[in-house]
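# Topology and contacts: notes
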Amino acid sequence: MKTVSTNNWLVPALAIIISITSCKTQEKATVSEEVAPVEAAAEEETPAVETREYQAAYTRTFDLIHTSLDVRFDWEKQQLIGKAQLTLTPYFYDTDQLTLDAKGFELRSVSLKNQESLKPLKYDYDGQKMNIALDRVYTRKDTLKVWVDYVAKPEELDAEGSAAIMDAKGLYFINPLGEDKNKPKQIWTQGETESSSCWFPTIDAPNENMTQDIKITVDSRYVTLSNGLLVSSKPNGDGTRTDLWKQSLPHAPYLAMMAIGEFAVVKDKWKGIDVDYYVEPEYEPHAKAIFGETPAMLDFYSDVLKYPYAWEKYSQVVVRDYVSGAMENTTATIHGEFLHRTDRELLDGDNERIIAHELFHHWFGDLVTCESWSNLPLNESFATYGEYLWLEHRHGIDEADKHGDEQMRQYFASVAQTGHLNMVRFYYDNKEDMFDAHSYNKGGRILHMLRKTIGDEAFFEGLNLYLNENKFQAVEMHQLRLAMEEVTGMDLNWFFNQWFFNKGHADLSVSHTYDAATKKYAITISQNQDLKEMPLYRIPMDVDIYFGGAVNRHRIDLTEVEQTFEFDVLGQPQLVLVDAENILLGTKNETLTEDEYVFMLKNAPRYLDKVEAMNGLKGSSSDDAVTAMLNLLDDEYWGTRRKALQALKSKSVADTSLLKNKLMWLAQKDPKSSVRAEAISFLAERFSKGESTRTIIEGAMKDRSYNVLGATLKAISEYDTDRALSLAKEAEADASGSLISAIASLYSKKGGSEHLDFFLNSISKVSDPNDKYVFVQIFGKYLIGQDFSAQLKGLPTLKDLALNEGAWWMRLSAIQVLNGLRQNAEPIDVEEAKTLVNEINLVMDEVRAKETNQMIKGMIGE
Ligand SMILES: [Zn+2]
């Protein structure tokens with residue numbers, strides 16, 4: 001899943017959500033823009049491993065073979081009325097006891113089904129588990145059918161306030177009474193990690209594996225979606241309809257799903273398999289633009305793994321108020337509403353990575369499932385690496401490397417908060433903690449290193465073997481190692497031990513020497529990571545030696561604390577590039593000469609090399625360096641062009657007309673909106689006094705990209721506030737994405753209370769979680785600058801966010817703003833300030849009564 005999680009690596013007061021990738025929890029939640037000094041806290045929160053409980057895989061006493069459900073809903077009470085029939089067989093040992101997970105149920109009856117007759121069974125039920133006394137001892141040659149008649153009450157789960165459940169209600173009713181006119185009525189489920197048992201009785205463990213069919217009865221106007229195929233759809237003659245969904249291939253119970261709502265279904269195909277996109281009707285015209293790469297992804301993953309997509313169909317649905325980023329329910333992925341984008345919004349960025357991530361789970365996660373949450377990297381590291389693979393295939397190595405590098409930096413940022421953790425983690429406090437930047441980001445980088453260590457062909461052969469040997473089964477990390485060992489003939493314990501069963505990353509320093517007399521070139525590499533906590537790594541990597549117009553590659557094998565590698569050369573190389581494939585999971589401290597960096601800028605092939613060179617030339621304004629950077633403005637990769645723009649901003653450029661011409665060209669013609677936006681801000685910063693520049697900048701207000709419009713508005717506000725305010729007013733009605741943020745920023749700095757309506761009206765238009773978090777923060781800044789009556793008018797909106805937003809970080813954002821307003825008003829002795837403080841206190845009381853997220857609860861106090 002791609003998630004946004006309740007992970008402890010968010011620093012509430014300072015965090016800005018920068019990226020939400022996909023899957024259940026992290027998927028990734030958040031990276032703080034300013035990282036608070038939390039080392040002390042991290043130490044406190046990380047007791048010695050021995051004090052934590054070993055998290056064993058669940059013992060399998062029964063094998064759950066098939067689940068058959070018949071469900072309908074009471075929207076008003078937010079309950080599911082269900083009948084379940086489970087087909088089971090003892091796993092190995094004889095038994096007369098069956099334990100099922102069933103969270104927050106009202107149980108009407110539990111029976112043994114024999115042909116058509118039901119024999120009531122005795123059971124104990126504590127609200128979480130049913131212990132059923134069977135009528136006799138069963139052996140593994142027996143198959144039994146257990147029948148459960150029940151009502152699932154997810155809302156009452158929260159009322160019980162179980163700390164472990166937090167947001168994990170499993171079954172969610174959105175706008176159930178239709179009171180919110182701006183929100184559709186929907187029902188959807190979220191099973192991972194162990195919440196499917198909030199809506200049907202099951203063995204809620206990742207090492208369980210079942211087929212299923214679900215009969216869903218709904219009001220005829222609703223569309224339903226579940227796993228597998230829709231095998232029948234029958235009107236009942238009373239305004240309701242019953243859909244039967246059947247999945248004939250086994251999967252883990254946490255992957256079961258339902259979504260119900262008034263969706264438009266846009267149809268696509270892949271090799272005869274239905275590929276459907278369920279969106280709100282408003283987004284029907286954009287569904288292909290949002291999801292259209294899905295068939296190409298199915299092609300690519302099937303080919304590269306030499307293992308065709310295994311399932312019966314592939315659907316994706318966008319739901320409201322989703323609790324995570326996205327979730328890889330088998331054949332029926334759920335996405336948060338930030339996937340809803342118009343084709344115009346898609347000009348500024350799509351969610352292809354998330355779509356790829358969830359799809360790749362259908363091999364790694366759904367087809368082969370982690371045996372326990374301790375082994376979560378077998379799901380999430382792969383899905384994260386699936387993003388890299390897709391980007392490399394579709395958009396080229398530079399785009400993939402850029403993404404991989406960003407992910408590694410997010411992992412570094414998270415380490416600053418959580419400390420170093422094992423990847424396969426048998427000791428944790430809460431299974432939800434596994435959904436972190438280790439399991440996702442770091443794991444993705446480890447897999448990339450594995451691929452580059454053993455070679456592409458071996459890596460993909462190994463994955464193929466792993467899938468074939470473990471399909472429809474639960475595995476632990478060793479199965480992956482064994483597959484890779486079988487293919488390569490190598491013992492790979494060293495690789496798996498240091499990366500997956502240990503913690504930390506490499507911290508290298510590299511120095512270079514050349515001996516002209518002997519024509520020997522030497523590289524000395526030291527490993528500086530704390531060896532008490534982290535391994536001494538073995539890292540095979542490539543070294544490229546550039547000499548006389550040729551480049552020679554050498555493979556070195558770093559194994560020691562300090563190690564020198566010597567190469568015979570024909571003369572002094574122009575450049576020696578250590579880790580030429582940029583695979584290192586860790587930091588590399590290395591200083592080259594200015595000439596070498598300039599050479600690297602001109603000759604090294606990859607985006608990350610060029611970034612490294614630009615960083616190396618930060619302090620330089622030599623003509624050579626500046627000329628090389630100017631040339632990169634024509635690079636074929638947009639990321640390089642943008643990075644060169646950023647690097648040049650701090651340089652004095654002698655040929656101003658060349659620079660200006662290039663900027664004007666990029667501002668108007670670059671195919672990538674983020675490059676146009678960057679060029680406009682650069683142009684405004686350096687040349688805004690000129691009439692011709694101002695004409696070009698104002699001309700950019702006709703761009704289709706919201707990103708460009710936002711940058712343009714900001715640029716104009718730097719030299720003509722009144723003009724910017726009037727352009728903002730004109731742009732308000734049609735604004736979206738970063739344009740909304742830019743207008744909001746402008747108003748928060750310059751605007752009066754006449755802009756309050758813009759904020760109140762815009763909030764529902766911001767669907768991207770990052771944008772929305774930021775928007776609420778800017779709204780807070782704006783309100784602080786207004787009088788108390790305006791603040792009071794803003795209160796209902798903040799209250800609604802604080803109480804009703806599905807995503808915890810949005811509730812948090814609103815609560816932060818409310819706190820800020822209260823602190824601002826408290827010392828002031830006027831009636832309106834007192835009213836405001838009272839009103840905010842009342843909202844906080846409501847939040848306290850309703851909030852289930854532990855982190856928010858901790859912040860507001862019990
Ligand atoms: Zn995932």
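Residues numbered from 1 in each chain as written. Predicted model: local features only at pLDDT ≥ 70, side-chain atom pairs only at ≥ 80, totals over all residues. Heavy atoms only, no water.

## Some words on the pattern of salt bridges
Under the counting rule described, the total for this entry stands at 52 salt bridges. Here K269 ties to D274 by a salt bridge, and the two come within 2.7 Å at their closest N and O atoms. D405 is paired through a salt bridge with R409; the nearest N and O atoms lie 2.9 Å apart. You can see D405 and its partner R409 sitting in helix 7 (residues 397–418), four residues apart, about one turn around the helix. For D405, a relative accessible area of 19% gives the class buried. Connected via shared salt-bridge partners are D401, D542, D544, R553, R555, E581 and R606. (Salt bridge = Lys/Arg side-chain N within 4 Å of Asp/Glu carboxyl O. Helix = DSSP H or I, 4+ residues; strand = E, 2+ residues; numbered from the N terminus. Buried < 20%, exposed > 50% of the residue type's maximum accessible area, 1.4 Å probe, protein only.)

## Let's talk about the sheet that holds strand 25 (residues 539–547)
Strands belonging to one sheet form pairs held by backbone hydrogen bonds; the direction of such a pair is parallel or antiparallel. If you walk across this open sheet you meet the three strands as 26-25-28, and the pairing is antiparallel. Only two strands of the sheet have a single neighbouring strand rather than two, namely strand 26 (550–558) and strand 28 (575–578). Each strand of the sheet is rotated relative to its neighbour by a mean of 20°, with strand direction disregarded. (Pairing = 2+ DSSP bridges. Axes fitted to C-alpha atoms, helices over the stretch in contact; angles between N-to-C directions.)

## Examining a nonpolar patch on the surface
A grouping of Y91, F92 and Y93 is seen on the molecular surface, where their side chains present a nonpolar patch of about 380 Å² in accessible area. For Y93, the position within the fold is in the loop between strand 2 (79–90) and strand 3 (95–101). Note on Y93: relative accessible area 66%, which makes it exposed. (Patch = residues over 30% accessible without salt bridge, like charges linked within 9 Å, V, L, I, M, F, W, Y side chains within 5 Å. Areas by Shrake-Rupley, 256 points an atom, 1.4 Å probe, with all protein chains shown as cover.)

## As for the packing of helix 20 (residues 721–731) against helix 21 (residues 737–750)
Orientation of helix 20 relative to helix 21, taken along the N-to-C sense of each, is 135°, at an axis distance of 10 Å. By the angle between their directions, the pair helix 20 and helix 21 is classed as oblique. For the element pair helix 20 and helix 21, the recorded crossing hand is left-handed. Only L739, I743, L746, Y747 and K750 of helix 21 make contact with helix 20, whose side of the interface consists of T721, A724, L725, A728, K729 and A731. Considering only residue class, the contact of helix 20 with helix 21 consists of eight nonpolar, one polar and two charged. (Parallel < 35°, antiparallel > 145°, perpendicular 65-115°, else oblique. Left-handed = near helix turned anticlockwise from the far one by under 90°. Contact = heavy atoms within 4.5 Å. Nonpolar A, V, L, I, M, F, W, Y, C, P; charged D, E, K, R; others polar.)

## Some words on the environment of Q791
Here Q791 shows up in helix 24 (residues 788–804). Not counting residues up to four positions away in its chain, the partners in contact with Q791 are L783, I784, Q786, L821, N824 and L836. A polar contact of 2.9 Å, which involves the side chain of Q791, links it to the backbone oxygen of L783. (Polar contact = N/O pair within 3.5 Å; in protein donor to acceptor, adjacent residues only side chain to side chain.)

## Let's talk about the nonpolar core
The biggest cluster of nonpolar side chains holds 162 residues, and the ones touching the most others in it are F73, Y150, M258, W363, L480 and I525. Beyond its immediate sequence surroundings of up to four residues, W363 is in contact with L298, Y301, S302, L305, Y307, P308, Y309, V368 and L467. Listed in part, the 105 residues of the second largest apolar core include A647, I743, A790 and A825. (Core = buried A, V, L, I, M, F, W, Y, C linked by side-chain atoms within 4.5 Å.)

## Regarding the environment of H478
By the element assignment, H478 lies in helix 10 (residues 477–488). Remark: the alpha-carbon pair of H478 and F496, spanning 18 residues in sequence, is separated by 8.4 Å.

## Points about a negative patch on the surface
A cluster of acidic side chains, namely E594, D595, D623 and D624, defines a negative patch on the protein surface. Secondary structure elements with two or more residues in the negative patch: helix 12 (594–603) and helix 14 (623–632). (Lys, Arg positive; Asp, Glu negative; His and termini not counted. Charge placed at Lys NZ, Arg CZ, Asp CG, Glu CD.)

## Considerations on the packing of aromatic side chains
Here the structure, examined in full by the defined rule, presents 46 aromatic pairs. Ring geometry for Y385 against Y388: centres 5.4 Å apart, planes inclined by 20°, an arrangement best described as stacked. With a gap of three residues between them, Y385 and Y388 both fall in helix 6 (residues 377–395), about one helical turn apart. The exposure classification of Y385 matches that of Y388, with both residues buried. (Phe/Tyr/Trp six-rings, centres within 6.5 Å; stacked < 30°, edge-to-face > 60°.)

## Observations concerning unusual backbone geometry
Geometrically, the link from E192 to T193 is a cis peptide bond, its omega value of 5° lying close to zero. For T193, the position within the fold is in the loop between strand 10 (186–189) and strand 11 (210–219). The residue Q78 is not glycine, and still its phi comes out positive at about 55°. Look at F472: it is not a glycine, yet its phi comes out positive at around 55°.

## Regarding the sheet that holds strand 19 (residues 326–327)
Judged by pairing direction, the sheet is mixed, and its five strands sit side by side in the order 16-17-18-20-19 without closing on themselves. Here the strands that pair on one side only, and so sit at the sheet edges, are strand 16 (264–270) and strand 19. The strands touched by helix 4 (residues 294–304) within the sheet are strand 16, strand 17 (273–279) and strand 18 (314–318), with strand 16 carrying the most contacts at an inclination of about 35°.

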